[in-house]
Amino acid sequence: TMASLRQGPASSQATAATAKAGGTDSAAQTALKAPLANPHHGLHVAIAYGKVEAVEQLLNTAAAGGTLHALHKTVDSAGDTPLQIAANYNTSSEMRLLLAAGASVWSLNKRGSTPLHLAAAAGHAGPANQLLEAANLKVSGCHYCLTLVDRGGFSAWQLAVYYNRLSVVQVMTANLELPLVHIER
């Protein structure tokens, strides 16, 4: 429901908030020092903190070890993948690395939200644009990623409109040839 969405992105922010406790990056650095013990946690924290070099290192290590696909599918307690964390935290550089490494724009968290849902609700036009380009929306005119609904019954488009995220609405409609909604009389 919209009431649950107003609470904001669930545990991905809680993870970063916990790591930021005390006003230092020490918890994030601790998580990043042992990437082999828990690589997905380190990746989630690195993305939330905008640590591009750490993200790149973790992705390269996973690729070299043949675990890159598994790394993209790791989730936090809200079911958010690394790409969903990047969309939620407006970390465009990290998102670019994740997409180049094969992260899926169609991943769903526990609420049934895609990375585009999270970017739209948060008002992050840059990540929304990156996700739309990765899904080939601007090339093919496909409306699927704009109309796919989460478990609350809301599409990314509806979330952007509901939260008055005009920059995201503009990105979503920039190159569409057909209207998103058809009203019959």
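Every value quoted in this text rests on a predicted model; they were computed, and no experiment measured them.

Here's the deal with the overall build of the protein chain
Looking only at helices and strands, the protein chain has 14 helices and zero strands in total. Ordered by position in the sequence, the α and β elements of the protein chain form the string α-α-α-α-α-α-α-α-α-α-α-α-α-α. The proportion of buried residues among the 185 residues of the protein chain is 45%. In the protein chain, the proportion of contacts linking residues at least 24 apart, taken out of those at least 6 apart, comes to 66%.

As for unusual backbone geometry
Phi is positive for N90, close to 60°, though the residue is something other than glycine. Of the residues examined, N90 reaches a relative accessible area of 38% and is grouped as partly exposed. The phi dihedral of N164 falls on the positive side, at around 60°, and the residue is not glycine. For N164, the location among the structural elements is in the loop between helix 13 (156-162) and helix 14 (166-173). The class for N164 is exposed, based on a relative accessible area of 53%.

Considering the side chain of E94
Its location among the elements puts E94 in helix 8 (residues 92-100). The side chain of E94 is buried and forms no salt bridge, while R96, the nearest opposite charge, is found at 7.6 Å. Non-local contacts of E94, meaning those with residues more than four positions away in its chain, are made with I47, G50, K51, V52 and V55.

Structural notes on the packing of aromatic side chains
Each aromatic ring pair is characterised by the separation of its centres together with the angle its planes make. Tallying each qualifying case throughout the model produces one aromatic pair. Summarising the aromatic geometry, the rings of Y162 and Y163 are spaced 5.0 Å apart at their centres and angled 85° between planes, so their arrangement reads as edge-to-face.

Here we look at empty space enclosed by the protein
According to the stated counting rule, one finds one cavity of 30 Å³ or more in the structure shown. Taken as a whole, the largest cavity spans an internal volume of roughly 60 Å³. Considering the residues around the largest cavity, the lining is formed by V105, W106, T114, L116, L131, L132, A135 and C145.

Concerning the packing of helix 7 (residues 82-89) against helix 9 (residues 115-122)
Axis separation between helix 7 and helix 9 bottoms out at 8 Å; the angle between their running directions is 15°. Our classification of the angle between helix 7 and helix 9 gives roughly parallel. Read as a crossing pair, helix 7 and helix 9 show a hand that is right-handed. Judged by residue contacts, L83, Q84, A87 and N88 of helix 7 engage P115, L118, A119 and A122 from helix 9.

Here we look at the packing of helix 5 (residues 52-64) against helix 8
For the pair helix 5 and helix 8, the least separation of the axes is 9 Å and the interaxial angle reads 10°. In terms of orientation, helix 5 and helix 8 fall into the roughly parallel class. In this structure, helix 5 crosses over helix 8, and the sense of that crossing is right-handed. Residues V52, V55, E56 and L59 of helix 5 touch helix 8, and the partners they reach there are S93, E94, L97 and L98. Looking at the contact of helix 5 with helix 8 residue by residue, the classes come out as five nonpolar, one polar and two charged.

A short note on the nonpolar core
Membership of the largest hydrophobic core comes to 36 residues, with the highest contact counts inside it found for L43, L98, L116, L131 and M172. Counting residues per element, this core draws most heavily on helix 5, which supplies five residues.

A closer look at helix 9
For helix 9, the buried fraction is high: six of the eight residues fall into the buried class. Among all positions in helix 9, only P115, L116, H117, L118, A119 and A120 are buried. Structurally, helix 9 contributes buried residues whose contacts are with helix 7, helix 10 (125-134), helix 12 (144-147), helix 13 and helix 14. Residue G123 follows helix 9 closely and has a positive phi angle near 80°.

What counts, and where the lines are drawn
Here, residues in each chain are numbered from 1, in the same order as that chain's written sequence. In keeping with the predicted nature of the model, local features appear solely for residues at pLDDT of at least 70, side-chain atom pairs appear and are counted solely at 80 or more, and the whole-chain, interface and lining totals rest on all residues. Derived side-chain values reflect all non-hydrogen atoms in the structure, with water molecules and hydrogen atoms excluded from consideration. Only DSSP runs of H or I with at least four residues qualify as helices, and only runs of E with at least two residues qualify as strands; both kinds are numbered from the N terminus onward. Only protein chains enter the area calculation, which uses a 1.4 Å probe; residues under 20% of their type maximum are buried, those over 50% are exposed, and those in between are partly exposed. The contact criterion used is simple: two residues touch if any of their non-hydrogen atoms lie within 4.5 Å. Charge assignment: positive for Lys and Arg, negative for Asp and Glu; neither His nor the chain ends contribute. Just to be clear on terms, a salt bridge is a Lys or Arg side-chain nitrogen sitting within 4 Å of an Asp or Glu carboxyl oxygen. Two aromatic rings from Phe, Tyr or Trp, using only the six-membered ring of Trp, form a pair when their centres are within 6.5 Å; if the ring planes differ by under 30 degrees the pair is stacked, by over 60 it is edge-to-face, and anything between is tilted. Here a cavity is any set of points on a 1 Å grid over the protein atoms alone where a 1.4 Å probe fits but cannot get out, and a pocket is any open set with protein on both sides within 12 Å along at least 5 of 7 lines; a residue lines the site when it has an atom within 4 Å of a point. Grid points are joined across faces, edges and corners, and a volume is the space filled by probe spheres set on the points. Lines are fitted to the C-alpha atoms to define the axes, a helix being fitted only along its stretch in contact, and any angle between axes, read from their N-to-C directions, falls within 0 to 180 degrees. Angle categories are assigned with fixed cut-offs, so that under 35 degrees is roughly parallel, over 145 is roughly antiparallel, 65 to 115 is roughly perpendicular, and the rest are oblique. We call a crossing left-handed when the near helix sits turned anticlockwise from the far one by less than a right angle, and right-handed when that turn is clockwise. In the scheme used here, Gly and all other residues not listed as nonpolar or charged are polar, with Ala, Val, Leu, Ile, Met, Phe, Trp, Tyr, Cys and Pro taken as nonpolar and Asp, Glu, Lys and Arg as charged. For this analysis, a nonpolar core means a set of buried residues of the types Ala, Val, Leu, Ile, Met, Phe, Trp, Tyr and Cys, connected via side-chain atoms within 4.5 Å.

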